[in-house]
Amino acid sequence: AVPMAFRSWLHARLLDIWRQRRLAVVLLPLAWLHGLIRRWLTWRHRDGAGAQRLPVPVVVIGNLYVGGTGKTPLTIELVRALRARGRRPGVVARGYGARNTAARAVDPRGSADEFGDEPVLIAQAAGVPVAVGADRAQAGRLLRNLHPELDVILTDDGLQHLRLARDVEVAVIDARGLGNGWLLPAGPLRDPPDRLERVDAVVFHDQAGQPRPAVRVHSPFFAMTSSAGSVVSLKDPSLRATL
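Here goes a summary of the coordinates provided. (Residues numbered from 1 in each chain as written. Predicted model: local features only at pLDDT ≥ 70, side-chain atom pairs only at ≥ 80, totals over all residues. Heavy atoms only, no water.)

**Observations regarding the overall build of the protein**
To keep it simple, the criterion reads: Put simply, DSSP marks the helices as runs of H or I at least four residues long and the strands as runs of E at least two long, and each gets a number from the N terminus on. Throughout, radius of gyration means the C-alpha value; the globule benchmark is 2.2 Å times the number of residues raised to the power 0.38. Any residue under 20% of the maximum accessible area for its type is buried, any over 50% is exposed, and the rest in between are partly exposed; the area is computed with a 1.4 Å probe on protein chains only. Contacts are assigned to residue pairs with any non-hydrogen atoms lying within 4.5 Å of each other. For the accessible areas, the method is Shrake-Rupley and the probe is 1.4 Å, while residue cover comes only from the protein chains on display.
Counting its regular elements, the protein contains 6 helices and 10 strands. Rg of the C-alpha trace for the protein: 18 Å, near the compact-globule value of 18 Å for 243 residues, within the 12% margin. For the protein, the C-alpha atoms occupy an extent of roughly 50 × 45 × 35 Å along the three principal directions. Buried positions account for 42% of the 243 residues belonging to the protein. Counting contacts in the protein only where the partners sit at least 6 residues apart, residues at least 24 apart contribute 69% of the total. Surface exposure of the protein reaches about 13100 Å², of which carbon and sulfur atoms provide 58%.

**Focus on the environment of valine 199**
Its location among the elements puts valine 199 in the loop between strand 6 (168–173) and strand 7 (201–207). Between the C-alpha atoms of valine 199 and valine 60, which are 139 residues apart in sequence, the distance is 9.6 Å. Sequence-distant contacts of valine 199, defined by excluding residues within four places in its chain, comprise Leu159, Glu169, Ala171 and Ser219.

**Quick word on the packing of aromatic side chains**
Condition: Side-chain rings of Phe, Tyr and Trp (the six-membered ring for Trp) are treated as a pair once their centres are within 6.5 Å; stacked means planes under 30 degrees apart, edge-to-face means over 60, and tilted covers the remaining angles. A ring is scored as having a charge over it whenever the NZ atom of a lysine or the CZ atom of an arginine sits within 6 Å of its centre and within 35 degrees of its normal.
Here the structure, examined in full by the defined rule, presents 2 aromatic pairs. Sitting over the ring of tyrosine 96, arginine 94 keeps its end group 5.3 Å from the ring centre. Across from the ring centre of tyrosine 65, 4.1 Å away, lies the NZ or CZ of arginine 176, which sits over that ring.

**Some details on empty space enclosed by the protein**
Defined as follows: In this analysis, the protein atoms alone were mapped onto a 1 Å grid. Cavities are point sets where a 1.4 Å probe fits without being able to get out; pockets are open sets with protein on both sides within 12 Å along at least five of seven lines; lining residues have an atom within 4 Å of a point. Grid points are joined across faces, edges and corners, and a volume is the space filled by probe spheres set on the points. Note that Gly is not counted as nonpolar here; it falls among the polar residues with everything else outside the nonpolar set of Ala, Val, Leu, Ile, Met, Phe, Trp, Tyr, Cys and Pro and the charged set of Asp, Glu, Lys and Arg.
Applying the stated criterion across every chain, the model contains 1 cavity of 30 Å³ or more. Quantified by volume, the largest cavity comes out at close to 50 Å³. Every residue along the wall of the largest cavity is listed here: Asn63, Leu64, Tyr65, Thr69, Val172, Ile173, Asp174, Gly177, Leu178 and Leu196. Taken together, the residues of the lining of the largest cavity break down into 6 nonpolar, 3 polar and 1 charged.

**Describing the side chain of glutamate 169**
Note the threshold: Polar contacts here mean pairs of N or O atoms no more than 3.5 Å apart (in protein, one a potential hydrogen donor and the other a potential acceptor; neighbouring residues in sequence count only if both atoms are side-chain atoms).
Considering the arrangement of structural elements, one finds glutamate 169 in strand 6. Of the polar contacts made by the side chain of glutamate 169, one reaches the side chain of arginine 166; its length is 2.6 Å. At 2.7 Å, the side chain of glutamate 169 and the side chain of arginine 195 are in polar contact.

**A closer look at a nonpolar patch on the surface**
Keep this limit in mind: Patch construction takes residues with relative accessible area above 30% that form no salt bridge. Like charges are linked within 9 Å, and nonpolar side chains (Val, Leu, Ile, Met, Phe, Trp, Tyr) are linked within 5 Å. For this document, the term salt bridge refers to a Lys or Arg side-chain nitrogen within 4 Å of an Asp or Glu carboxyl oxygen.
A contiguous nonpolar patch, built from Phe6, Trp9 and Leu10 and spanning about 310 Å² of accessible area, is present on the exposed surface. Along the chain, tryptophan 9 turns up in helix 1 (residues 4–18). We classify tryptophan 9 as partly exposed; its relative accessible area is 46%.

**Structural notes on the environment of leucine 239**
Along the chain, leucine 239 falls in the loop between strand 9 (230–232) and strand 10 (240–242). When the C-alpha positions of leucine 239 and leucine 164 are compared, they lie 37 Å apart, and in sequence the two are 75 residues distant. Discounting chain neighbours no more than four positions away, the residues touching leucine 239 are Val231, Val232 and Ser233.

**A look at helix 3 (residues 71–84)**
How we decide: In this scheme, a helix's expected span is set at 1.5 Å multiplied by one less than its residue total.
Between the first and last C-alpha of helix 3 there are 20 Å, a value that for 14 residues agrees with the 20 Å anticipated at 1.5 Å per step. All of the buried residues in helix 3 are Lys71, Thr72, Leu74, Thr75, Ile76 and Val79. Two residues or fewer past helix 3, glycine 86 is found with a positive phi of approximately 85°.

**Observations regarding the side chain of arginine 104**
For clarity, the threshold we go by: The convention is simple: Lys and Arg are positive, Asp and Glu are negative, and His and the chain ends are not counted.
In this fold, arginine 104 is placed in strand 3 (residues 104–105). The charged side chain of arginine 104 is buried without a salt bridge, its nearest counter-charge being glutamate 114 at 5.9 Å. Polar contacts involving the side chain of arginine 104 include one to the main-chain carbonyl oxygen of alanine 102, which spans 2.4 Å. A polar contact is formed between the side chain of arginine 104 and the backbone oxygen of glutamate 114, at a distance of 2.8 Å.

Shown next, in the form of structure tokens:
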């Protein structure tokens, strides 16, 4: 396993490189290849062609910037808002960090090693059924089979997982904006910036009063603010600390 200290150092160096283009230019050929693959996949699944549709509406909460931008807290709040309006939502996620990639239901008392930390957090904080799997469509079908009462499914991440048909797409952008505007690995983006032209809504995630990034959007946009008031151990939820 890669030591956590080295991973943190590497992540910090990549963020420094992705803030500008001077050093990242050497990686542009790989970024161009990435862009060709993404555009081919978009063309292949144009207008939902070849995508697997679930029997209920699907809302995708995703991002362009690799890593965390605030998708999980937004997913939890949307679940709460839907429940307050009488809907019965469920959540599907990839389960990053989990050893198993097969579709499976999340045990709220389970471990991050088994399901990934974010799905366990959603199951505990939102109190709704959650399923994980590399194939989000398969995970969604499993969730509906286990809970046929669900009438809407949200996906935490999945903007790039075009095999799952969706009815609404929400892109979350934090204070880093789109970085240097280039695709991985020359930049931090998983999709080209013009991907924002096809989403239904954009949510700007404001952290600690940071200014909103200068990003051109083509859809209705909203502001979200988050702050950490306490921390909870997912391994042992009885362990809590106020910040």
